Amino acid sequence: MKVLIVDDEKHVRHAIRMLVHWEAYGVTEVIEAESGDQAIEVITALSPPVVLTDMRMPGRDGVALMEWIQANSPATRVVVVSGYDDFELVRQAIRRGGMDYILKPVDPVEINEALSKATQAWRTAEQDRNRQTMQAMEVNRMRPHYADKLLTELISGTSLSITPLREELRLPPAIQVCNAAVMSTTQLDADILDKYKTRRALLGFSLMNICNEFLGTSQTGVAFRHLERTDEIILLYWGEPARWPVLLQDIHAGIRTALRCYMHIGIGSFGTFPVGAATAYQEARQALWKRDMLQATNWMHESSPARQTVRLPQLSEMEEELRLSALSCNASRVSMAVSSWMEAVAVLPSVTAEQLAGWNQELDWMLARWLNDRPGDTEGEELTDESSTIPALPVDNRGMLSLPLWKKQIENRLLAAGQALTPSHSPNNPTIRDIARYLDAHYDEDISLQDIASRFYLSREYISRKFKQEYGVNLSDYLCQIRMGKAKLLLLNDKLRLHHIAGMVGYQDEKYFGKVFKKLEGVTPGEFRRRHSANPQPSSHITHDLPTHH
């Protein structure tokens, strides 16, 4: 947690630093500002949950700062530290959301108590916000995806039937023109993706919710997810063309404030509704994926004439060098080989998101071929990955290509491939056993094969085949057996409701949990509970069918 100290006197800031027991309240970083204006810059950039501020400062004073926080960062908790015992100042501080008013010289007990209350209040509010978002997400998940289906068909050009859309979305009676915008969660930075690593659906829902707040208020559009490209959030707009850029600016700022991330958005051109929706979507998607990731450009991207073509380096041209470095299992040699590739990319005048995704796909194919060509390998049943998203791109917090991050990702993948190719890993594969242990520990999370591939730097096909060779079952079946075993234990507790048990074993949808349970056990969860609730030794019924660990 970050805390910001705002005071124009350096010795006061130093005293507060010395008096507060920061670690006791989970504070990991203390930032300082000398004025209200400087504090606003810090809050905008870093979003500290708690601010300790003076009231009388040159320029923008504490009252003005608190007014700004109340309007632009309402989740921030504020504690006033002032040298003025003035009733009017105290009243102003309370009216603008101040949690405490502490007089200078600062009393150690008072300042620590105030910070304890402020940090606890922020955490409680944050938990409430997350809970409300999860509840809203659950409600949304229970609704049919009919609207998303109709809208996906519209922007895909497969259906131009407007009557069902008018009934479902209550569209205005006379829409003349429309436009589209596209954003992709795969183009977000690693920090935000790590935060939502096991809740990627929540991230998409949060983005749609923010967009629809602005679009719904103006009743000029709708945000939805593409059912076939689940990384995409699409905005369909039918309002006044002149209002579109302003609305997008508000949406971008809303995402920045709520999720603390920088979202790039592709924009199409206006056309006649409904036939122009598909063209606008294609233009927007192309603009987003053809943006230059080497230049610090604006977040809004529109279709532009094709740039002058230059010959792009191909990973296949240095495949042998990369393969030999991987087989060496030597980090220094792998780093040197990858550095050659990075140098070839760094001199390019531009690199688009599309090109970067293409290179990553080329690397996937290359590694999969090495692993498939390994002597003695036999084809196993491939696990189907439900996710159709493009793997996340190596970008910084502004959405620009991070060569150091990309280099590290490729190095890790090559080293993992080298270990998999080393004969010492046969017949027993430690990496696959590590994956099994990971599943044992994280069975309650939303895990996809792509998540496992990204975490262990191996291809999905290789993991699927090797896992079945090692354990005799598909990875998905293994995970399902673990979950069902845990579920049967939890069902013996009559106080736990079924939807709670479903969530505790990794299923957000209670009906789907029940369907899977009945398929594997032959009875519904409720029937299982009724049959075993009076059994004095239920463990004998529930442990024998768990996967055997090697």
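Just so we're clear, the structure is a prediction, and the values are computed from it rather than from any experiment. Once a new chain begins, its residue numbering starts again from 1 and follows that chain's sequence as written. pLDDT decides what is reported in this predicted model: residues at 70 or higher carry local features, side-chain atom pairs at 80 or more are listed and counted, and totals for whole chains, interfaces and linings draw on all residues regardless. Hydrogens are left out, water is left out, and the side-chain values use all remaining heavy atoms of the structure.

A. Representation of the environment of Arg531 in the model. Structurally, Arg531 can be placed in helix H22 (residues 525-532). Whether a residue is buried, partly exposed or exposed follows from its accessible area with a 1.4 Å probe, protein chains only, as a fraction of its type maximum: under 20%, in between, or over 50%, in that order. Take Arg531: its relative accessible area is 59%, and that puts it in the exposed class. Taking the C-alpha atoms as reference points, Arg531 and Leu492, 39 residues apart in sequence, are found 9.7 Å from one another. Strands here are runs of E lasting at least two residues and helices are runs of H or I lasting at least four, both read from the DSSP assignment and numbered beginning at the N terminus.

B. Fine view of the confidence of the model for the chain. The predictor attaches a confidence to each residue, and that confidence, scored 0 to 100, is pLDDT. On average, the chain scores 83 in pLDDT, and the residues at 70 or more come to 88%. By definition, residues are in contact when any of their heavy atoms lie within 4.5 Å. Ignoring residues within four places in sequence, the model shows residues 377-388, a span with pLDDT below 50, making 26 contacts including any to other chains. Note on residues 535-550: pLDDT under 50 across the span, and 23 contacts to partners over four residues away in sequence or across chains.

C. Just unusual backbone geometry, in detail. Of the consecutive residues Lys104 and Pro105, the connecting peptide bond is found in the cis state with omega at -5°. Looking at where Pro105 falls in the secondary structure, it is placed in the loop between strand S5 (98-103) and helix H5 (108-142). Of the consecutive residues Phe273 and Pro274, the connecting peptide bond is found in the cis state with omega at 5°. Along the chain, Pro274 turns up in the loop between strand S10 (271-272) and helix H11 (276-289). Positioned with a positive phi, Arg260 is a non-glycine residue whose angle comes to about 55°. Positionally, Arg260 belongs in the loop between helix H10 (244-259) and strand S9 (265-267).

D. Expanded view of the pairing of strand S1 (residues 2-6). Where burial is concerned, most of S1 is hidden: four out of the five residues are buried. Look down the strands so they point away from you; if the path from the first strand over the helix to the second goes clockwise, the crossover is right-handed. Read from S1 through helix H1 (residues 10-19) to strand S2 (residues 29-33), the crossover connection turns out right-handed. A pair of strands is labelled paired if DSSP reports no fewer than 2 bridges between them. Across four bridges, the pairing between S1 and strand S3 (residues 50-53) is parallel. Bridge pairing links Val3 to Val50 in S3.

E. View of the sheet that holds strand S4 (residues 77-82). Spatial strand order, S2-S1-S3-S4-S5: five strands in an open sheet with parallel pairing. The open sheet terminates on both sides in strands that have one partner only, identified here as S2 and S5. Each strand axis lies, on average, 20° off the axis of its neighbour in the sheet, ignoring direction. Bridge analysis of S1 against S2 gives five bridges, and the strand direction is parallel. If you follow Ile5 over to S2, its bridge partner there is Glu32. Comment: axis = line fitted to C-alpha atoms, over the contacting stretch for helices; angle = value between 0 and 180 degrees taken between N-to-C directions.

F. Region of the structure containing the packing of aromatic side chains. Only rings of Phe, Tyr and Trp enter the pairing, Trp through its six-membered ring, and a pair is recorded when the two centres are within 6.5 Å. The plane angle decides the type: under 30 degrees is stacked, over 60 is edge-to-face, the rest tilted. Using the criterion set out here, one finds 13 aromatic pairs in the structure. Each ring, one from Tyr237 and one from Trp244, has its centre 4.4 Å from the other, and the planes form 20°; the classification is stacked. Summarising the burial analysis for this pair, Tyr237 and Trp244 share the class buried. Pairwise contacts between aromatic rings join Tyr507, Tyr512, Phe513, Phe517 and Phe528 into one cluster. Over a ring means this: the NZ of a Lys or the CZ of an Arg is within 6 Å of the ring centre and within 35 degrees of the ring normal. The ring of Tyr507 carries Arg483 above its face, with NZ or CZ at 5.1 Å from the centroid.

G. Molecular detail of H11. Every helix has an expected span of 1.5 Å times one less than the residues it contains. Compared with the 20 Å implied by 1.5 Å per residue over 14 residues, the 20 Å span of H11 between its first and last C-alpha is a close match. Within H11 the residues assigned to the buried category are Gly276, Ala277, Ala278, Ala280, Tyr281, Ala284, Ala287, Leu288 and Trp289.

H. Summary view of the packing of helix H9 (residues 200-218) against H10. Running from N to C, H9 and H10 cross one another at 140°; their axes reach a closest spacing of 10 Å. Here H9 is positioned oblique relative to H10, judged by the angle of their axes. Pair H9 / H10 crosses with right-handed handedness. Each of Leu203, Ser206, Leu207, Ile210, Cys211, Phe214, Leu215 and Ser218 in H9 lies in contact with H10, whose residues at this interface are Leu247, Asp250, Ile251, Gly254, Ile255, Ala258 and Leu259. All residues other than Ala, Val, Leu, Ile, Met, Phe, Trp, Tyr, Cys, Pro, Asp, Glu, Lys and Arg, Gly among them, are scored as polar; the first ten of these are nonpolar and the last four charged. Among the residues forming the contact of H9 with H10, the class breakdown is 11 nonpolar, three polar and one charged. Angular relationships are summarised with four words: roughly parallel below 35 degrees, roughly antiparallel beyond 145, roughly perpendicular across 65 to 115, and oblique for the angles in between. Note: crossing handedness is left-handed where the near helix turns anticlockwise from the far helix by less than a right angle, and right-handed where it turns clockwise.

I. The pattern of salt bridges, seen in detail. Whenever a carboxyl oxygen of Asp or Glu lies within 4 Å of a side-chain nitrogen of Lys or Arg, that contact is scored as a salt bridge. Per the counting criterion, the structure on display carries 22 salt bridges. Here Lys104 and Glu9 are joined by a salt bridge, their closest N and O atoms 3.7 Å apart. Here Glu9 lies in the loop between S1 and H1 and Lys104 lies in the loop between S5 and H5, a separation of 95 residues in the sequence. Given a relative accessible area of 22%, Lys104 falls into the partly exposed group. Glu9 gets classed as partly exposed once you look at its relative accessible area, which sits at 32%. Of the charged contacts, one joins Lys407 and Glu411 as a salt bridge, the two residues approaching to 2.4 Å between their closest N and O atoms. A residue pair is termed a helical-turn pair when its members lie 3 or 4 positions apart in one helix, as Lys407 and Glu411 do in helix H15 (residues 403-421) at four residues. You'll find Lys407 and Glu411 in the same group, each marked buried. Counted as one network, the salt bridges with shared partners bring together Asp7, Glu9, Asp54 and Lys104.

J. Quick peek at H10. Its 16 residues give H10 an end-to-end C-alpha distance of 22 Å, which sits within 8% of 22 Å, the value for a rise of 1.5 Å per residue. Looking only at H10, the buried set comprises Trp244, Leu247, Leu248, Ile251, His252, Gly254, Ile255 and Leu259. Mapping the buried residues of H10 onto a view down its axis gives an arc of 160°, with all of them on the same face. In this fold, the buried residues of H10 make contact with strand S6 (177-184), helix H8 (190-195), H9, strand S8 (232-237), S9 and strand S11 (300-302). Phi turns positive, to about 55°, at Arg260, one or two residues after H10. The reported arc concerns the directions from the helix axis to the C-beta atoms and nothing else.

K. Looking closely at the side chain of Glu319. Assignment of secondary structure puts Glu319 in helix H12 (residues 319-328). Of the residues examined, Glu319 reaches a relative accessible area of 16% and is grouped as buried. Polar contacts here mean pairs of N or O atoms no more than 3.5 Å apart (in protein, one a potential hydrogen donor and the other a potential acceptor; neighbouring residues in sequence count only if both atoms are side-chain atoms). One polar contact links Glu319 to Trp370, side chain to side chain, over a distance of 2.9 Å. Apart from residues no more than four positions distant in its own chain, Glu319 is found in contact with Met366, Arg369 and Trp370.

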